[in-house]
Amino acid sequence: MSINQFPVDFMWGTATAAYQIEGAYNEDGRGMSIWDTFSHTPGKVKNGDNGNVACDSYHRVEEDIRLLKELGVKTYRFSISWSRILPNGTGAVNEKGLAYYHRLVDALIDNGIEPFCTLYHWDLPQAIQDQGGWGDRRSIAAFKAFAEVMFKEFGAKIKYWITFNEPWCLAFLSNYLGIHAPGYRDLQLAIDISHHILVAHGEAVKRYRELGFTGQIGIAPNTSWGVPYTQSEADKAACLRLNGWSGDWYLDPIYFGTYPAFMLEWYEKIGHQPPIVEGDMETIHQPIDFIGINYYTSSMNRHHDQAGMLQAEYMNMGAARTDIGWEIYPEGLYQLLRYTADKYGNPDIYITENGACYNDEVDNGRVCDQRRIDYLSQHLVQASRAIADGINLKGYMAWSLMDNFEWAEGYGMRFGLVHVDFDTLVRTKKDSYYWYKHVIANNWFELR
Ligand SMILES: CCOCCOc1ccc(-c2cn(C[C@@H]3NC[C@@H](O)[C@H]3O)nn2)cc1
């Protein structure tokens, strides 16, 4: 196997998410989500952008499928708008919502593309939020019921399921740092939410198995990757906390049935702990089939008493950055994959997101995004290295198929292989699209 050659059954794909691409926010019975509320609130999203129209993918299934088909992907990762299926979060099902996802899934299957479905990608129905959202234990039953509707409706067609995308973002970025919807700044609330979504994850996995489906189900943490500034125990411990915050905090309960002791002790020192009810940890500790790894960047950190809740101080080492300001650190992907494989028993892993923000525009009908090609190839080298090192990496999904609504950054931050003009919605394949098409067709690539 030559360098950068991938296994014959490697699952090449791309990824998107409902609120970021669908639009049609108030059409065909869709209910409001917390991201509709948040993006409609002045000052929350750059330029006052919102997902009302986004990429209009709700009305462009055939067009988007053509892009995927020409790209040659083996799989397409998308997410479900919960409030399009259950407008009030629970209760009556919206048949037009189901019909949209049947159109999408049927078109994928008809074109030989494996649907890879994320149940929850941050867009909680506002009706659930109005009852306390993920901070209220009733959200667990609501999510289980939503998952059951989806399993019964699509379980024969969809063989790959992710319960939650980036639990750290939906818990801490959204309810402690206040940067994403619903925008609270409450550490205990974020810890409560983390626990409730883990129980909800376990309930969904249990229900999937009880219903007799034999597909694969997992979770996709966004593990930030901290690299110690020095090899001192203090700096290494600071990075362990930073990585544990978004990774181990979710994966330890799933794989070991317990929260990581070093994080529990850290929270207890400052008066916080998860709201564990008897039986919760057993529910969370359901066997899963894979871990989805979302990787973008790493950061060098050292211990500093005054450096925030984790006492981990970011050290700017002058690394190159993408247009969103995230450092480019391809080696961090290998290190994260190695750590995850070593700690959790070398499970199947899919890179469910990796990509770069570069805001190149269309010039004479072309988008020259060589920087994105360089970023992707440097990270694929690390993925290839991980496979050579015995890690069970099974697939890679580039974030994203197309430019889309990048949450609090709005439309100004572009991650797509396909450029979207958000005034006309015209899609233009970037140079990186053609490069990735070549990589998939050949199942290998050459570094420039
Ligand atoms: C400690 C202070 O930090 C301040 C900003 O903190 C973050 C962290 C992480 C993110 C972030 C954004 N993305 C990309 C998305 N992943 C899912 C998909 O929807 C993509 O659009 N991943 N992580 C943003 C902001």
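Since the model is a prediction, treat every value here as computed from it, not as a measurement.

## With respect to the nonpolar core
Argument step 1. Of all hydrophobic cores here, the largest spans 152 residues; its most connected members are Trp134, Phe143 and Phe172.
Argument step 2. If near-sequence neighbours (up to four positions away) are discounted, Phe172 is found in contact with Leu177, Gly178, Leu187, Ala190, Ile191, Ser194, Trp245, Trp249, Tyr250 and Tyr267.

## Quick notes on the site of the ligand
Argument step 1. Around the ligand sit 15 residues, and of these Gln20, His121, Glu353, Glu406 and Trp407 come closest.
Argument step 2. Between the ligand and Glu166, the relevant distance is 3.0 Å, taken from a nitrogen atom to a side-chain nitrogen or oxygen of the residue.
Argument step 3. At a separation of 2.8 Å, a nitrogen atom of the ligand approaches a polar side-chain atom of Glu353.

## Focus on the UniProt feature "active site" (unreviewed entry) in the protein chain
Argument step 1. Mapped onto this numbering, the UniProt entry annotates "active site" (unreviewed entry) at Glu166 and Glu353. Taken together, the annotated residues stretch across 188 residues yet fold into one region, lying no more than 10.2 Å apart by C-alpha.
Argument step 2. The topology assignment puts Glu166 in the loop between β4 (160–165) and α8 (167–175).
Argument step 3. A residue is classified by how much of its surface remains accessible, and Glu166, at 6% relative accessible area, is buried.
Argument step 4. Inspection of the secondary structure puts Glu353 in strand β10 (residues 349–354).
Argument step 5. Not counting residues within four places of it along the chain, the set of residues in contact with Glu353 comprises Arg77, His121, Asn165, Glu166, Ile293, Asn294, Tyr295, Tyr296, Met397 and Trp399.

## Comments concerning the packing of helix α13 (residues 331–344) against helix α14 (residues 370–388)
Argument step 1. It is at 8 Å that the axes of α13 and α14 come closest, and there the two elements cross at 30 degrees. As summarised for this structure, α13 and α14 are arranged roughly parallel, according to the angle between their axes. The element α13 and its partner α14 pack so that their crossing is right-handed. Every residue of α14 that contacts α13 at Glu331, Leu333, Tyr334 and Leu337 is listed here: His379, Gln382, Ala383, Arg385 and Ala386.
Argument step 2. In terms of residue class, the contact of α13 with α14 is made up of five nonpolar, two polar and two charged.

## Regarding the state of the cysteines
Argument step 1. Summed over all chains, the structure comprises zero disulfides.
Argument step 2. Free cysteine Cys169: the closest other cysteine sulfur is in Cys357, separated by 15 Å.
Argument step 3. The class for Cys169 is buried, based on a relative accessible area of 6%.
Argument step 4. Cysteine Cys239 is unpaired, with the sulfur of Cys169 as its nearest cysteine sulfur at 19 Å.

## Side note on the packing of α8 against helix α10 (residues 233–256)
Argument step 1. For the pair α8 and α10, interaxial distance at closest approach is 10 Å and the crossing angle is 125 degrees. Classed by the angle they form, the pair α8 and α10 counts as oblique. As α8 packs across α10, the resulting crossing turns out to be right-handed. Packed against α8, whose contacting residues are Pro167, Trp168, Ala171 and Phe172, the element α10 presents Trp245, Ser246, Trp249 and Tyr250 at the interface.

## Looking at helix α11 (residues 261–269)
Argument step 1. Where α11 is concerned, the buried positions are Met263, Trp266 and Tyr267. Taken down its axis, α11 places every buried residue within 95 degrees of arc, on the same side. Exposed side of α11, more than 90 degrees from the buried face: Glu265 and Lys269 are the residues found there.
Argument step 2. In this structure, the buried residues of α11 make contact with α8, α9 (187–210) and α10.

## Section: the sheet that holds strand β8 (residues 298–303)
Argument step 1. What the three strands build is an open sheet, ordered β6-β8-β9; its pairing is mixed. Lying at the two open borders of the sheet, with one neighbouring strand each, are β6 (225–228) and β9 (312–315). Shown here is a sheet whose adjacent strand axes are inclined to one another by a mean of 50 degrees, direction ignored.
Argument step 2. Bridge analysis of β8 against β9 gives four bridges, and the strand direction is antiparallel. Its bridge partner being in β9, Met300 is matched across the sheet by Met315.
Argument step 3. Across the sheet, α10 touches β6, β8 and β9, and the angle it forms with β8 is around 130 degrees.
Argument step 4. Docked against the sheet, α13 engages β6 and β8, running at close to 100 degrees with respect to β6.

## Re the packing of aromatic side chains
Argument step 1. Under the criterion given, the structure shown has 53 aromatic pairs.
Argument step 2. Geometrically, the ring pair formed by Tyr19 and Trp407 is stacked, given 6.2 Å between the ring centres and 20 degrees between the ring planes. Residue Tyr19 is located in helix α1 (residues 18–21), and its partner Trp407 is located in the loop between β11 (393–399) and β12 (418–420); the two are separated by 388 residues in the primary sequence.
Argument step 3. The class of Tyr19 is buried, set by a relative accessible area of 3%.
Argument step 4. One Lys or Arg, Arg84, reaches over the ring of Tyr100 and ends 5.8 Å from the middle of that ring.
Argument step 5. Over the ring of Trp266 we find Arg241, and its NZ or CZ is 3.9 Å from the ring centre.

## Examining the pairing of β8
Working note: regular strand, side chains alternate between the two faces of the sheet.
Argument step 1. Here four bridges tie β6 to β8, and the two strands are oriented parallel to one another. Along β8, the bridge assignment pairs Gly226 with Ser299.

## Regarding the pattern of salt bridges
Argument step 1. One pass over the structure, following the stated rule, counts 35 salt bridges.
Argument step 2. Between Asp64 and Arg427 there is a salt bridge, with its nearest N and O atoms 3.1 Å apart. Residue Asp64 is found in helix α3 (residues 61–71), and its partner Arg427 is found in strand β13 (residues 427–429); the two are separated by 363 residues along the sequence.
Argument step 3. Overall, the relative accessible area of 12% leaves Arg427 in the buried class.
Argument step 4. Note that Arg338 and Asp342 form a salt bridge whose closest N and O atoms lie 2.8 Å from each other. Taken together, the residues span about one helical turn, with Arg338 and Asp342 both in helix α13 at a distance of four residues.
Argument step 5. Overall, the relative accessible area of 21% leaves Arg338 in the partly exposed class.

Conventions we followed
- Residues numbered from 1 in each chain as written.
- Predicted model: local features only at pLDDT ≥ 70, side-chain atom pairs only at ≥ 80, totals over all residues.
- Heavy atoms only, no water.
- Core = buried A, V, L, I, M, F, W, Y, C linked by side-chain atoms within 4.5 Å.
- Buried < 20%, exposed > 50% of the residue type's maximum accessible area, 1.4 Å probe, protein only.
- Contact = heavy atoms within 4.5 Å.
- Near = heavy atom within 4 Å.
- Polar contact = N/O pair within 3.5 Å; in protein donor to acceptor, adjacent residues only side chain to side chain.
- UniProt positions renumbered as here; feature names shortened; annotations may be inferred.
- Helix = DSSP H or I, 4+ residues; strand = E, 2+ residues; numbered from the N terminus.
- Axes fitted to C-alpha atoms, helices over the stretch in contact; angles between N-to-C directions.
- Parallel < 35°, antiparallel > 145°, perpendicular 65-115°, else oblique.
- Left-handed = near helix turned anticlockwise from the far one by under 90°.
- Nonpolar A, V, L, I, M, F, W, Y, C, P; charged D, E, K, R; others polar.
- Disulfide = S-S within 2.5 Å.
- Arc of directions from axis to C-beta.
- Pairing = 2+ DSSP bridges.
- Phe/Tyr/Trp six-rings, centres within 6.5 Å; stacked < 30°, edge-to-face > 60°.
- Lys NZ or Arg CZ within 6 Å of the ring centre and 35° of its normal.
- Salt bridge = Lys/Arg side-chain N within 4 Å of Asp/Glu carboxyl O.

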